[in-house]
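# Breakdown of the fold
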Amino acid sequence: MAVPARTCGASRPGPALTARPWPGCGPQPGRGARRPLSLLLPSLLLLPLLAAPGTSAYSFPQQHTMQHWARRLEQEVDGVMRIFGGVQQLREIYKDNRNLFEVQENEPQKLVEKVAGDIESLLDRKVQALKRLADAAENFQKAHRWQDNIKEEDIMYYDAKADAELDDPESEDVERGSKASTLRLDFIEDPNFKNKVNYSYTAVQIPTDIYKGSTVILNELNWTEALENVFIENRRQDPTLLWQVFGSATGVTRYYPATPWRAPKKIDLYDVRRRPWYIQGASSPKDMVIIVDVSGSVSGLTLKLMKTSVCEMLDTLSDDDYVNVASFNEKAQPVSCFTHLVQANVRNKKVFKEAVQGMVAKGTTGYKAGFEYAFDQLQNSNITRANCNKMIMMFTDGGEDRVQDVFEKYNWPNRTVRVFTFSVGQHNYDVTPLQWMACANKGYYFEIPSIGAIRINTQEYLDVLGRPMVLAGKEAKQVQWTNVYEDALGLGLVVTGTLPVFNLTQDGLGMTPNQLILGVMGIDVALNDIKRLTPNYTLGANGYVFAIDLNGYVLLHPNLKPQTTNFREPVTLDFLDAELEDENKEEIRRSMIDGNKGHKQIRTLVKSLDERYIDEVMRNYTWVPIRSTNYSLGLVLPPYSTFYLQANLSDQILQVKCKWPDFEFLLPSSFESEGHVFIAPREYCKDLNASDNNTEFLKNFIELMEKVTPDSKQCNNFLLHNLILDTGITQQLVERVWRDQDLNTYSLLAVFAATDGGITRVFPNKAAEDWTENPEPFNASFYRRSLDNYGYVFKPPHQDTLLRPLELENDTVGILVSTAVELSLGGRTLRPAVVGVKLDLEAWAEKFKVLASNRTHQDQPQKQCGPSSHCEMDCEVNNEDLLCVLIDDGGFLVLSNQNHQWDQVGRFFSEVDANLMLALYNNSFYTRKESYDYQAACAPQPPGNLGAAPRGVFVPTIADFLNLAWWTSAAAWSLFQQLLYGLIYHSWFQADPAEAEGSSETRESSCVMKQTQYYFGSVNASYNAIIDCGNCSRLFHAQRLTNTNLLFVVAEKPLCSQCEAGRLLQKETHSDGPEQCELVQRPRYRRGPHICFDYNATEDTSDCGRGASFPPSLGVLVSLQLLLLLGLPPRPQPQAHAHAHASRRL
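First, a word on what this report is: a plain description of the structure on this page. From a predicted model like this one, the values you see are computed outputs, not experimental measurements.

## Topic: the packing of helix H3 (residues 87-96) against helix H24 (residues 717-738)
Running from amino to carboxyl end, H3 crosses H24 at an angle of 130°, the nearest separation of the two axes being 10 Å. Relative to H24, the element H3 is oriented oblique. Handedness of the H3/H24 crossing: right-handed. Contact with H3, carried on its side by Gln89, Leu90, Glu92, Ile93, Tyr94 and Asp96, involves Asp726, Ile729, Gln732, Leu733, Arg736 and Val737 of H24 and no other residues of that element. Of the residues belonging to the contact of H3 with H24, the class tally is six nonpolar, two polar and four charged.

Next comes the structure, spelled out in structure tokens:
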């Protein structure tokens, strides 16, 4: 008889079990306390025995019954793996072939010191090339004679953007009819550069908003041409050199070898002076406070110019800098939640940029409030900061107060804080007070009358900061290595060595030394070139090398995989975000930043390769500093990777007359009898053609092996010999175990073995058609997890979309079960292989029902419960009332006794039965781990409804148009100028800077994703519990299966829906990341660069900016604009200031 149907809310027989009921409808996610099991167990043990008197009914299984089912499941899995897995047989095969390999040891300290030394040598060669370039540049510029009458046709150079501009009819040079003598070059494809290059010439890139024909630029092109020969000589001495670049303070970039510029289809806003490597090389670290005047006079376009200017100013800061932004009128207040200086990293700058957009103009101007706030910020010594250059950047539309008393109190006489003032917008105000503030405090005064002046005038303060460096001379000529960033010319992720280039000429009649920086010399090193110096396959699948800088950002790490990159920002992934953070790793990170050596064995959590699972593992960390750099190198090894196999096939090769032994087992002709072989796509030989298709790669490999001899120098003997060794080893496993077994008897779809040597053998051959695992074992999640876990690891198929039952019937779905093969050879333990089986899902689901029932085997008839007898429910007979499932350690469904749930195998169990999964979590069967992925890529957000007006431009109201006073004001003229400028350079209004520098196509953008994983908690026992939901509660039993990663759960099926409120989430979700305002209160440990140049007693501060303020004459200015439109070549507004400033530099 079936259990009588119950209705939601009906009373249950037996005593009430809700002495301490959970409030609400069932346990909720996030509850701090979990229900004590001791209160439940006595009553729960009695509950299965209770039934209504005088009725025949099935009762919930007793605990010992379910423990018996669990043992049967354990025995069945173990029996199949012993017969088909072949762990013991594979051990014997390795021992029988002991003469074909040696056991080598990884000695962590020696390994990490050798790699650190190799990286140091690699970078030192680049340093020598940098020094030759910097010395040559200073000498060339010193010998150069300035030419006032130089013309474009006098200069011959390759303009890297020329081809793109000729193809663009709206190009500035096409419109002007440029007279520059641009070289036309031929290029050859070079795989090292991933680009077409010309090794005989340099290329020149000039920002779009700088006029190529100006006297300053032409003189710059003239003297930098001599660098070409030095670039070529550097490459002759070191053929491994990549891009060699000189970034000039005028904005000119000359790089070698020549290659066409990767200009986007939208406007190219690349300016070398805003690149991370240039900023780092041009000045020492900065503590900056930006104060913005938001008094009532700052309105409309002027306020928008200020907001844009602040954002552009933030982009000139790097992770070595600290910053805060405040607005002021009568009072000063921070624009964001940051109450003190914070590191100018990408996430903090994003907070500032968003906060700045919320500034509103009101009140009266109070310079005193703004400057006192700024000085207080800079004097706060209780926080982490740069402790080098200190500066205040003030943006205002003008004012009369000089606030001399504030400077006397805070900054005089030492003037340790530089003050930079920016007059924003076009107005009638007297700018003399702003000039005086800058000149009296070793700063500079700038004017930003329109949007075209923002980019140049918010970056030229770097010239002033460079003065102490120039005056320090050789002491300041120290190479610095940057953070990781994306190369603008397509090399991928690189680091750059930088060296400042100084002006060695004399200024004035007194022949005083020039104190302006000429630019920065840089040489790129691709991360892939550094990775090649690290051991990879000898460390095993879970061993790796990593490196970090003084900020704790990773230079090398297997988890450094940015999905998308922004040319404007470096790639900054903290070591504690690349791994799962814990106290031990914090200590390791601090020690590495401090430049210490160390070794530590820790128990830690690691994320699986597919990011679905968490494993608790042992790891050995060893680290040393990389001398002459700011980097530190670390090595991570699991204990089982202390030793590894190295094949030695020399004797065998001689026996078969210099041919490869066991080579025939790699040939597809052998697959039908020996099983299909996948080979890891490794670089076995230099001439081996790579392919993403493993069949094609195997074909390429076989063709190459038939040509090369086993001792060929073009091949990696370690990889090649180990591959051939494992080919033979796994073939013997087929011969001894798999070939004579009937897989169908045990409902197996396949058996397989994967090895460190790169072989994955799947038997029978036809099973390879459905094999979806990565052919590189080191990149296969099942392989890496099996090494880290003892026993049998179940891996259900990953379900991205829901399969239909019909599809299940037509297509066979399999569940992988794998385990590591542990060898002990002469007291040395290692795990060189993983073996396993692939279970037929449907057949094993039926078998699962039988094993969790009162039948001993499938052929035995089902036990019937008589009218007056009492029976326990089981997972087969009572599957309409009893839910039985196997869930893996990540919370994913593996098997169920419910046929309708078979199509949900592989899904997170909360999506199948949210109520039950929540109960398992609340009863400590599972623990939750949350982390953030800072390297994710997200689809672009659709643009908001901004109307028809161009972005970033002030739009006057109807009242403004009707007001005569408005038309005669500076605001009206400034708007008119913007519109005229936009007609000529309309693309400036059509693209944001990020879009302009990237692809014109819709592309993904960098974002933060929140990841949640579950793993087994502390509970290891078998017990019953209750899901209490008032009158609609559920009994369940849960027990871990020994020697597996499975949890066996038996529960009453849910009869009520009101308990489904709580649902645990496992899917990755879009996130803003942890709250930045809280993170800055506990900043991670870091150290700034070891050198600081912020003061020199001989600095001449008399050059501090001069400007003229005059009331705009509408008639004169309109006439000038008409002349420009009708005939004169248009030039962007900032050039006049740029040229004047550059002439001082040269």
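## With respect to a negative patch on the surface
Together, Glu354, Asp1072, Glu1075 and Glu1078 give the surface a local cluster of negative charge. Checked against the element boundaries, glutamate 1075 lands in the loop between strand E43 (1069-1071) and helix H33 (1076-1079). Judged by its relative accessible area of 43%, glutamate 1075 is partly exposed.

## Topic: the nonpolar core
Counting residues in each nonpolar core, the largest one holds 120 residues, and the members touching the most others are Tyr684, Phe701, Leu920, Tyr926, Phe1036 and Phe1048. For this core, the leading source of residues is H24, giving 11 residues. Once you skip the residues sitting within four places of it in the chain, tyrosine 684 turns out to touch Phe697, Phe701, Cys715, Asn716, Leu719, Leu720, Leu723 and Gly757. Counting 51 residues, the second largest nonpolar core, distinct from the first, contains Leu130, Leu185, Ala249 and Trp277.

## So, the environment of valine 77
Mapping valine 77 onto the fold places it in helix H2 (residues 63-85). Separated by 715 residues in sequence, valine 77 and tyrosine 792 have C-alpha atoms that sit 8.4 Å apart. If we ignore the near neighbours within four places in the chain, the residues touching valine 77 are Tyr792 and Phe794.

## Digging into the state of the cysteines
Applying the stated rule across the entire model yields six disulfides. Cysteine 337 shares a disulfide with cysteine 1077; S-S distance 1.6 Å. Residues cysteine 337 and cysteine 1077 are joined through a disulfide that is left-handed, its torsion about the S-S bond being -80°. Note that cysteine 337 is positioned in the loop between strand E12 (332-334) and strand E13 (342-343) and cysteine 1077 in helix H33, a separation of 740 residues in sequence. Overall, cysteine 337 belongs to the partly exposed group, its relative accessible area being 33%.

## Side note on the side chain of histidine 427
Structurally, histidine 427 is set in the loop between strand E15 (417-424) and helix H14 (432-439). A relative accessible area of 12% places histidine 427 in the buried class. Reaching out from histidine 427, the side chain makes a polar contact with the side chain of serine 423 at a distance of 3.0 Å. In this structure the side chain of histidine 427 is engaged in a polar contact, spanning 3.3 Å, whose partner is the backbone nitrogen of tyrosine 429.

## With respect to the sheet that holds E43
Spatially, E38-E39-E43 is the arrangement adopted by the three strands of the open sheet, whose pairing is antiparallel. The open sheet has two edge strands, strand E38 (926-938) and E43, and neither has a second partner. Taken over all neighbouring pairs, the strand axes of this sheet differ in orientation by 35° on average, direction set aside. Pairing between E38 and strand E39 (residues 1005-1016): 11 bridges, direction antiparallel.

## A few points about the sheet that holds strand E36 (residues 882-888)
Within a sheet, each strand pairs with its neighbour through backbone hydrogen bonds, oriented either parallel or antiparallel. Strand order across the open sheet formed by five strands is E37-E36-E42-E41-E40, with antiparallel pairing between neighbours. With one partner strand each, in any of the chains shown, strand E37 (893-896) and strand E40 (1023-1027) form the two edges of the open sheet. Each strand of the sheet is rotated relative to its neighbour by a mean of 25°, with strand direction disregarded. Of the pairings in the sheet, the one linking strand E41 (residues 1034-1040) to strand E42 (residues 1046-1052) comprises five bridges and is antiparallel in character. Of the residues in E42, the one forming a bridge with histidine 1037 is valine 1050. The strands touched by helix H27 (residues 841-851) are E36, E37 and E42; relative to E37, the strand with the most contacts, the crossing angle is about 60°. Those strands touched by helix H28 (residues 914-922) are E36, E40, E41 and E42, and its axis lies near 55° from that of E41.

## Some remarks on the packing of aromatic side chains
Tallied over the full model, the rule gives 44 aromatic pairs. Look at tyrosine 444 and phenylalanine 446: their rings are 4.8 Å apart centre to centre, the planes differ by 35°, and that puts the pair in the tilted class. Taken individually, tyrosine 444 and phenylalanine 446 each receive the classification buried, so the pair is uniform in this respect. Taken together, the aromatic side chains of Phe193, Tyr199, Phe231, Trp243, Tyr255, Tyr256, Trp261 and Tyr270 make up a single cluster linked through ring pairs. Above the face of the phenylalanine 502 ring, lysine 477 is positioned so that its terminal group lies 5.4 Å from the ring centre. Of note, lysine 847 hangs over the ring of tryptophan 844, and the distance from its end group to the ring centre comes to 4.4 Å.

## Quick notes on H27
Most of H27 is tucked away, with eight of its 11 residues classed as buried. When we look at burial in H27, the residues that qualify are Leu841, Trp844, Ala845, Lys847, Phe848, Lys849, Val850 and Leu851. Taking the backbone nitrogen of glutamate 842 as reference, a side-chain oxygen 3.2 Å away marks aspartate 840 as the first, capping residue of H27.

## Details of the pattern of salt bridges
Considering all chains together, one arrives at 39 salt bridges under this definition. A salt bridge links arginine 831 to glutamate 822; the nearest nitrogen and oxygen atoms lie 2.8 Å apart. We classify arginine 831 as buried; its relative accessible area is 8%. A relative accessible area of 29% places glutamate 822 in the partly exposed class.

## Concerning H24
Here H24 is 22 residues long and its end C-alpha atoms lie 30 Å apart, about the 32 Å a rise of 1.5 Å per residue gives. Most of H24 sits out of view: 18 of its 22 residues are buried. The residue sitting at the N-terminus of H24 and contributing the capping side-chain oxygen is asparagine 716; that oxygen lies 3.1 Å from the backbone nitrogen of phenylalanine 718.

Reading guide: rules and limits
- Residues numbered from 1 in each chain as written.
- Predicted model: local features only at pLDDT ≥ 70, side-chain atom pairs only at ≥ 80, totals over all residues.
- Heavy atoms only, no water.
- Axes fitted to C-alpha atoms, helices over the stretch in contact; angles between N-to-C directions.
- Helix = DSSP H or I, 4+ residues; strand = E, 2+ residues; numbered from the N terminus.
- Parallel < 35°, antiparallel > 145°, perpendicular 65-115°, else oblique.
- Left-handed = near helix turned anticlockwise from the far one by under 90°.
- Contact = heavy atoms within 4.5 Å.
- Nonpolar A, V, L, I, M, F, W, Y, C, P; charged D, E, K, R; others polar.
- Patch = residues over 30% accessible without salt bridge, like charges linked within 9 Å, V, L, I, M, F, W, Y side chains within 5 Å.
- Areas by Shrake-Rupley, 256 points an atom, 1.4 Å probe, with all protein chains shown as cover.
- Salt bridge = Lys/Arg side-chain N within 4 Å of Asp/Glu carboxyl O.
- Lys, Arg positive; Asp, Glu negative; His and termini not counted.
- Charge placed at Lys NZ, Arg CZ, Asp CG, Glu CD.
- Buried < 20%, exposed > 50% of the residue type's maximum accessible area, 1.4 Å probe, protein only.
- Core = buried A, V, L, I, M, F, W, Y, C linked by side-chain atoms within 4.5 Å.
- Disulfide = S-S within 2.5 Å.
- Polar contact = N/O pair within 3.5 Å; in protein donor to acceptor, adjacent residues only side chain to side chain.
- Pairing = 2+ DSSP bridges.
- Phe/Tyr/Trp six-rings, centres within 6.5 Å; stacked < 30°, edge-to-face > 60°.
- Lys NZ or Arg CZ within 6 Å of the ring centre and 35° of its normal.
- Expected span 1.5 Å × (residues − 1).

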